[in-house]
Amino acid sequence: MQVPTNFNQLIEEANALDLYKQLILQLNKDFLLANVDLDFHEDVLPSSLKLLLHETVYRLIQEKFTEYLNLLYIIDVPEKDVKALNGDDVLMLSEAVSFLILKREWQKVWFRNKYS
(Lines give C-alpha, C1' and ligand atoms only; values in the text may rest on other atoms or scores of the structure.)
Protein backbone atom coordinates (compact mmCIF):
# COMPACT_ATOMS: atom_id res chain seq x y z
CA MET A 1 0.00 0.00 0.00
CA GLN A 2 1.30 3.38 -0.98
CA VAL A 3 0.03 5.91 1.54
CA PRO A 4 -1.61 8.95 -0.09
CA THR A 5 0.24 12.23 0.41
CA ASN A 6 -2.72 14.58 -0.04
CA PHE A 7 -6.50 14.67 0.08
CA ASN A 8 -7.07 14.46 -3.68
CA GLN A 9 -4.79 11.44 -4.04
CA LEU A 10 -6.61 9.68 -1.19
CA ILE A 11 -10.04 10.32 -2.73
CA GLU A 12 -8.86 9.24 -6.19
CA GLU A 13 -7.53 5.97 -4.79
CA ALA A 14 -10.70 5.35 -2.76
CA ASN A 15 -12.86 5.94 -5.84
CA ALA A 16 -10.61 3.83 -8.07
CA LEU A 17 -10.94 0.89 -5.68
CA ASP A 18 -14.65 1.60 -5.15
CA LEU A 19 -14.07 2.07 -1.40
CA TYR A 20 -15.21 5.67 -0.91
CA LYS A 21 -18.49 4.57 0.70
CA GLN A 22 -16.58 2.30 3.13
CA LEU A 23 -14.32 5.23 4.02
CA ILE A 24 -17.37 7.32 4.93
CA LEU A 25 -18.86 4.45 6.95
CA GLN A 26 -15.57 4.01 8.84
CA LEU A 27 -15.44 7.74 9.61
CA ASN A 28 -19.02 7.67 10.88
CA LYS A 29 -18.32 4.61 13.02
CA ASP A 30 -15.25 6.12 14.70
CA PHE A 31 -16.85 9.54 15.21
CA LEU A 32 -19.80 7.82 16.87
CA LEU A 33 -17.42 5.83 19.11
CA ALA A 34 -15.69 9.08 20.08
CA ASN A 35 -19.08 10.66 20.83
CA VAL A 36 -18.45 13.46 18.33
CA ASP A 37 -21.56 14.80 16.66
CA LEU A 38 -20.70 14.33 12.99
CA ASP A 39 -22.45 11.95 10.66
CA PHE A 40 -21.66 12.01 6.95
CA HIS A 41 -24.21 10.92 4.40
CA GLU A 42 -22.88 8.02 2.32
CA ASP A 43 -23.11 10.12 -0.86
CA VAL A 44 -21.28 13.16 0.53
CA LEU A 45 -19.12 14.90 -2.05
CA PRO A 46 -15.38 14.80 -1.34
CA SER A 47 -15.25 18.61 -1.15
CA SER A 48 -18.02 18.64 1.47
CA LEU A 49 -16.34 15.81 3.35
CA LYS A 50 -13.10 17.78 3.53
CA LEU A 51 -14.84 20.99 4.60
CA LEU A 52 -17.06 19.39 7.27
CA LEU A 53 -14.22 17.35 8.71
CA HIS A 54 -11.94 20.39 8.82
CA GLU A 55 -14.60 22.51 10.53
CA THR A 56 -15.30 19.80 13.09
CA VAL A 57 -11.64 19.25 13.94
CA TYR A 58 -11.13 23.02 14.23
CA ARG A 59 -14.11 23.33 16.58
CA LEU A 60 -12.89 20.40 18.69
CA ILE A 61 -9.40 21.89 19.05
CA GLN A 62 -10.83 25.29 20.01
CA GLU A 63 -13.73 24.28 22.25
CA LYS A 64 -13.51 20.60 23.22
CA PHE A 65 -9.86 19.63 23.40
CA THR A 66 -10.46 16.49 25.48
CA GLU A 67 -12.94 15.19 22.89
CA TYR A 68 -10.41 16.03 20.17
CA LEU A 69 -7.73 13.93 21.90
CA ASN A 70 -10.22 11.11 22.44
CA LEU A 71 -11.12 11.16 18.72
CA LEU A 72 -7.46 10.91 17.73
CA TYR A 73 -7.03 8.01 20.15
CA ILE A 74 -10.09 6.12 18.88
CA ILE A 75 -9.13 6.61 15.23
CA ASP A 76 -5.54 5.67 16.14
CA VAL A 77 -3.82 8.64 14.52
CA PRO A 78 -0.09 8.23 15.23
CA GLU A 79 0.97 10.56 18.03
CA LYS A 80 4.32 11.24 16.38
CA ASP A 81 2.54 12.51 13.26
CA VAL A 82 0.41 14.93 15.28
CA LYS A 83 3.41 16.13 17.29
CA ALA A 84 5.33 16.76 14.06
CA LEU A 85 2.75 19.35 12.97
CA ASN A 86 3.18 23.07 13.54
CA GLY A 87 0.61 24.20 16.10
CA ASP A 88 1.12 27.94 15.68
CA ASP A 89 -1.86 28.37 13.35
CA VAL A 90 -4.90 26.42 14.57
CA LEU A 91 -6.62 26.66 11.19
CA MET A 92 -3.70 25.04 9.38
CA LEU A 93 -3.22 22.54 12.22
CA SER A 94 -6.85 21.45 12.01
CA GLU A 95 -6.54 21.00 8.24
CA ALA A 96 -3.41 18.84 8.66
CA VAL A 97 -5.03 16.79 11.43
CA SER A 98 -8.11 16.28 9.25
CA PHE A 99 -5.90 14.75 6.59
CA LEU A 100 -4.17 12.53 9.18
CA ILE A 101 -7.61 11.32 10.29
CA LEU A 102 -8.66 10.57 6.73
CA LYS A 103 -5.37 8.86 5.99
CA ARG A 104 -5.67 6.58 9.03
CA GLU A 105 -9.29 5.75 8.24
CA TRP A 106 -8.28 5.01 4.65
CA GLN A 107 -5.59 2.60 5.89
CA LYS A 108 -8.19 0.72 7.94
CA VAL A 109 -10.58 0.46 5.00
CA TRP A 110 -7.84 -0.54 2.55
CA PHE A 111 -6.42 -3.29 4.81
CA ARG A 112 -9.87 -4.64 5.62
CA ASN A 113 -10.68 -4.79 1.91
CA LYS A 114 -7.37 -6.38 0.94
CA TYR A 115 -7.19 -9.02 3.67
CA SER A 116 -10.78 -10.06 4.27
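The shown structure was predicted, so the numbers you read here are calculated from the model rather than taken from an experiment.

Novice: How should I be thinking about unusual backbone geometry in this particular structure?
Specialist: What you tend to see is this: most non-glycine residues have negative phi, and most peptide bonds are trans. Phi is positive for D18, close to 60°, though the residue is something other than glycine. Structurally, D18 can be placed in the loop between α1 (7-16) and α2 (20-33). At D76, a position not held by glycine, the phi torsion is positive, near 75°. With respect to the secondary-structure elements, D76 resides in the loop between α4 (65-75) and α5 (79-83). By relative accessible area, D76 is classed as partly exposed at 43%.

Novice: Can you help me understand the nonpolar core in this one?
Specialist: Across soluble globular proteins, nonpolar side chains have a tendency to be buried as a group. Residues F31, L49 and I101 are the most contacted members of the largest nonpolar core, which totals 35 residues. Those elements that place two or more of their residues in this core are α1, α2, α3 (46-63), α4 and α6 (90-115). Aside from chain neighbours lying at most four places away, what touches F31 is V36, L38, L53, T56, L71, I75 and I101.

Quick notes on the rules
- Each residue is numbered by its place in its chain's sequence as written, counting from 1.
- Where totals are concerned, whole chains, interfaces and linings use all residues; where local detail is concerned, this predicted model gives features only for residues with pLDDT of at least 70, and gives and counts side-chain atom pairs only at 80 or more.
- Excluding hydrogens and water, the side-chain figures rest on all heavy atoms present in the structure.
- By the criteria applied, helices consist of DSSP H or I runs no shorter than four residues and strands consist of E runs no shorter than two, each listed in order from the N terminus.
- Type-normalised accessible area, obtained with a 1.4 Å probe on protein chains alone, sets the label of each residue: buried when under 20%, exposed when over 50%, and partly exposed for intermediate values.
- Residue types Ala, Val, Leu, Ile, Met, Phe, Trp, Tyr and Cys, when buried and joined through side-chain atoms within 4.5 Å, form a set referred to as a nonpolar core.
- Residues are treated as being in contact if the distance between any of their heavy atoms lies within 4.5 Å.

Function cannot be inferred from these measures alone, as they are strictly geometric.
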